[in-house]
Amino acid sequence: MLFMDEIELITEAKKGDHRSFAVLFRNHYPLLVKYLMKITMNPDLSEELAQATMAKCVEKIHLFNGKSKFSSWLISIATNMYIDQHRKKKRESEWNDGEARSRRLQWHMESRNEEWTDALAALSRLSDEMRIPLILKHYYGYSYDEIGEILNIAAGTAKSRVHHGLLAVRRELKVDEKPKGNLVKR
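Criteria and thresholds
Every residue gets a number counted from 1 within its own chain, in the order that chain's sequence is written. Owing to the predicted nature of the model, reporting of local features is limited to residues with pLDDT of at least 70; listing and counting of side-chain atom pairs is limited to 80 or more, with chain, interface and lining totals taken over all residues. The basis for every side-chain value is the complete set of heavy atoms in the structure, and neither hydrogens nor water enter the calculation. The criterion for an aromatic pair is that two Phe, Tyr or Trp rings (for Trp, the six-membered ring) have centres within 6.5 Å, with stacked assigned to planes under 30 degrees apart, edge-to-face to planes over 60 apart and tilted to the rest. Burial classification: accessible surface area is computed with a 1.4 Å probe over protein chains only, and a residue below 20% of its type maximum counts as buried, one above 50% as exposed, and the rest as partly exposed. A run of H or I in DSSP counts as a helix once it spans at least four residues, and a run of E counts as a strand once it spans at least two, with each numbered from the N terminus. Distance and angle both matter: a charge sits over a ring if NZ of Lys or CZ of Arg is within 6 Å of the ring centre and within 35 degrees of the ring normal. Fitting axes to the seven residues that end at a residue and to the seven that start at it, the angle between those axes gives the bend at that residue. A carboxyl oxygen of Asp or Glu within 4 Å of a side-chain nitrogen of Lys or Arg is what we treat as a salt bridge.

S.K.: Which parts of the structure should I look at to understand the packing of aromatic side chains?
M.R.: By convention here, two paired aromatic rings are described through the distance between centres and the angle between planes. Applying the stated criterion across every chain, the model contains four aromatic pairs. On the basis of an interplanar angle of 85° and a centroid distance of 5.4 Å, the ring pair of Phe 64 and Phe 70 is categorised as edge-to-face. Residue classification places Phe 64 among the buried residues on the basis of a relative accessible area of 5%. Ring plane angle 40° and centroid distance 5.6 Å describe the contact between Phe 70 and Trp 73, whose orientation is recorded as tilted. Taken together, the residues Phe 70 and Trp 73, both in helix H4 (residues 70-111) and three residues apart, mark about one turn of the helix. Take Phe 70 and Trp 73: they sit in the same class, and that class is buried. Put simply, the rings of Phe 64, Phe 70 and Trp 73 pair up and form one aromatic cluster. In this structure, Lys 137 is placed above the aromatic ring of Tyr 144, and the distance from its NZ or CZ to the ring centre is 4.4 Å.

Shown next as structure tokens:
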């Protein structure tokens, strides 16, 4: 195969030419890995993300419009994949931390012969943003205005958080579920 410039390679790759993809990858893979090493500080993750980026490139090459350099497009894909993966790990970590906190609290309460109810378990799985207003409202009787003042949020925001917190707890406890089937008493 004669030397082709990048525009020709991209055009051929868009048509499904495997050799053009191979040349594009060979030309850009080292740059991509070096970039990912700098942002991840993890060689294994860099390789993993570079490979995933190239796979995504194969899938999305038809979207490349040529307004930026091909290398910039690849770096954009890689960056977004890294950010998505980082967010996912953060959510998983927060969930795991919340579960561990809930188990510790349950053990603590049960070891002191205090009751651990399903409602407390459901509350423990809420975010602080929903759990705190819900507890202030329904355990301690504060008004939405008072909750807003305590948490430095608008009363309407407090009301919304309490509402959504209650919905989440009800879902968790399976409260208000309708029976399945058409069982009608006559």
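Here the narrative resumes.
S.K.: Looking at this model, I keep getting lost on helix H2 (residues 18-40). Mind explaining?
M.R.: The axis of H2 is deflected most strongly, by about 40°, at His 28, and proline Pro 30 appears within four residues downstream. Buried residues of H2: Ser 20, Phe 21, Val 23, Leu 24, His 28, Leu 32, Val 33, Leu 36 and Thr 40, and no others. Just beyond H2, the residue with positive phi is Met 41, at close to 55°.

S.K.: Would you explain the pattern of salt bridges in this entry?
M.R.: Any two side chains of opposite charge can pair, so long as their charged atoms come close to each other. Across all of its chains, the model carries six salt bridges by this definition. Linking Asp 84 and Arg 87 is a salt bridge whose minimum nitrogen-to-oxygen distance equals 3.9 Å. Placement of both Asp 84 and Arg 87 in helix H4 is noted, with a separation of three residues, approximately one turn of the helix. Of the charged contacts, one joins Arg 161 and Glu 129 as a salt bridge, the two residues approaching to 3.7 Å between their closest N and O atoms. One end of the pair, Arg 161, is in helix H8 (residues 155-173); the other, Glu 129, is in helix H6 (residues 128-138), with 32 residues separating them in the sequence. Using a relative accessible area of 22% as the deciding quantity, one classes Arg 161 as partly exposed.

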